[in-house]
Amino acid sequence: MKKFILSGLPGSGKSTLVLKILEFLENKISVAGIITPEIRINERRVGFKVIDVFSRKEEIFASIFIRSKFKISKYFVDLEKFEKIALEALEREAEFYIIDEIGKMELLSKKFELKVLDILKNKNFLAVIHRNYLNIYKEFGKVYWLTKDNREEVFKSLINYL
């Protein structure tokens, strides 16, 4: 099985690398999953979207501008919007799954956590795991600790495996 985990410090290029891998895999194999890009206004991060990599459906699921009962750091998390996109995306049958990211906000959803565990155990995947959760999930795949200096080397290594 092809099971890969990316982790690293903020700004190391994890999400950028996921997008490059996704682009590489397009039209080669079926891919399902999610990406969670930042939302920035004037260079300031103000929230996060969740995007289904197959359908391209998206929602803003965490923001400083919304209010909800869930708050992580300065972000309020709309769990319903997150689950609406993420669970549908991860239920889709595919040869390979992309999960960017498995972190504190995403793990507020127990349904998401259970679906992720099923994928990590039984499917081919590339998952970005927040460094605080790496010890919990590292057993499920080959771990790459990403830095600005090794980004290209990790990309080439992943391409070779895929």
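Everything quoted here is computed from the prediction, not taken from an experiment.

## A word on the packing of helix α1 (residues 14-25) against helix α5 (residues 151-161)
Packed helix pairs are characterised by how far apart their axes lie and by the angle those axes make with each other.
For step 1, the next point in the chain: It is the contact of α1 with α5, at a shortest axis distance of 11 Å, that shows an interaxial angle of 30°. By the angle between their directions, the pair α1 and α5 is classed as roughly parallel. Note on packing geometry: the crossing formed by α1 with α5 is right-handed. On the side of α1, the interface is formed by L17, K20, I21 and F24, while α5 contributes R151, E152, V154, F155, L158 and I159.
For step 2, the next point in the chain: Of the residues that constitute the contact of α1 with α5, the class distribution is seven nonpolar, no polar and three charged.

## Points about the pattern of salt bridges
For step 1, the next point in the chain: Within this structure, the stated rule accounts for 13 salt bridges.
For step 2, the next point in the chain: Across the salt bridge formed by K84 and E59, the nearest N and O atoms sit 2.9 Å from each other. Here E59 lies in strand β5 (residues 58-63) and K84 lies in helix α2 (residues 79-91), a separation of 25 residues in the sequence.
For step 3, the next point in the chain: Looking at E59, the relative accessible area reads 18%, which means it is buried.
For step 4, the next point in the chain: One continuous salt-bridge network, built from bridges that share partners, spans D52, K57, E88 and R92.

## Some points on the packing of aromatic side chains
For step 1, the next point in the chain: Across all of its chains, the model carries six aromatic pairs by this definition.
For step 2, the next point in the chain: Grouping aromatic residues by their ring pairs yields a cluster made of F4, Y144 and Y161.
For step 3, the next point in the chain: One residue, K28, lies across the ring of F24, its end atom 4.6 Å from the ring centre.
For step 4, the next point in the chain: The side chain of K142 reaches across the aromatic face of Y144, ending 5.1 Å from its centre.

## Comments concerning the confidence of the model for the chain
For step 1, the next point in the chain: Per-residue pLDDT for the chain has a mean of 95; in total, 100% of the residues score no lower than 70.
For step 2, the next point in the chain: When mean pLDDT is compared element by element in the chain, strand β2 (residues 31-35) scores highest at 98, while α5 scores lowest at 93.

## Re α2
For step 1, the next point in the chain: With 13 residues, α2 extends 17 Å between its outermost C-alpha atoms, agreeing within 8% with the 18 Å of an ideal straight helix rising 1.5 Å per residue.
For step 2, the next point in the chain: Here α2 has its buried residues at L79, F82, E83, I85, A86, L87, A89 and L90.
For step 3, the next point in the chain: N-capping of α2 is provided by D78, with a side-chain oxygen placed 3.2 Å from the backbone N of E80.

## Focus: the packing of α2 against helix α3 (residues 110-122)
For step 1, the next point in the chain: Two numbers describe how α2 lies on α3: the axes approach to 10 Å, and their chain directions differ by 20°. Compared by their axis directions, α2 and α3 come out roughly parallel. The interaxial crossing formed by α2 with α3 has left-handed handedness. Counted together, F82, E83, A86, L87, L90 and E91 of α2 and K111, F112, K115, V116 and I119 of α3 form the full contact between these two elements.

How each quantity is defined
Residues numbered from 1 in each chain as written. Predicted model: local features only at pLDDT ≥ 70, side-chain atom pairs only at ≥ 80, totals over all residues. Heavy atoms only, no water. Axes fitted to C-alpha atoms, helices over the stretch in contact; angles between N-to-C directions. Helix = DSSP H or I, 4+ residues; strand = E, 2+ residues; numbered from the N terminus. Parallel < 35°, antiparallel > 145°, perpendicular 65-115°, else oblique. Left-handed = near helix turned anticlockwise from the far one by under 90°. Contact = heavy atoms within 4.5 Å. Nonpolar A, V, L, I, M, F, W, Y, C, P; charged D, E, K, R; others polar. Salt bridge = Lys/Arg side-chain N within 4 Å of Asp/Glu carboxyl O. Buried < 20%, exposed > 50% of the residue type's maximum accessible area, 1.4 Å probe, protein only. Phe/Tyr/Trp six-rings, centres within 6.5 Å; stacked < 30°, edge-to-face > 60°. Lys NZ or Arg CZ within 6 Å of the ring centre and 35° of its normal. pLDDT = per-residue confidence, 0-100. Expected span 1.5 Å × (residues − 1). Polar contact = N/O pair within 3.5 Å; in protein donor to acceptor, adjacent residues only side chain to side chain.

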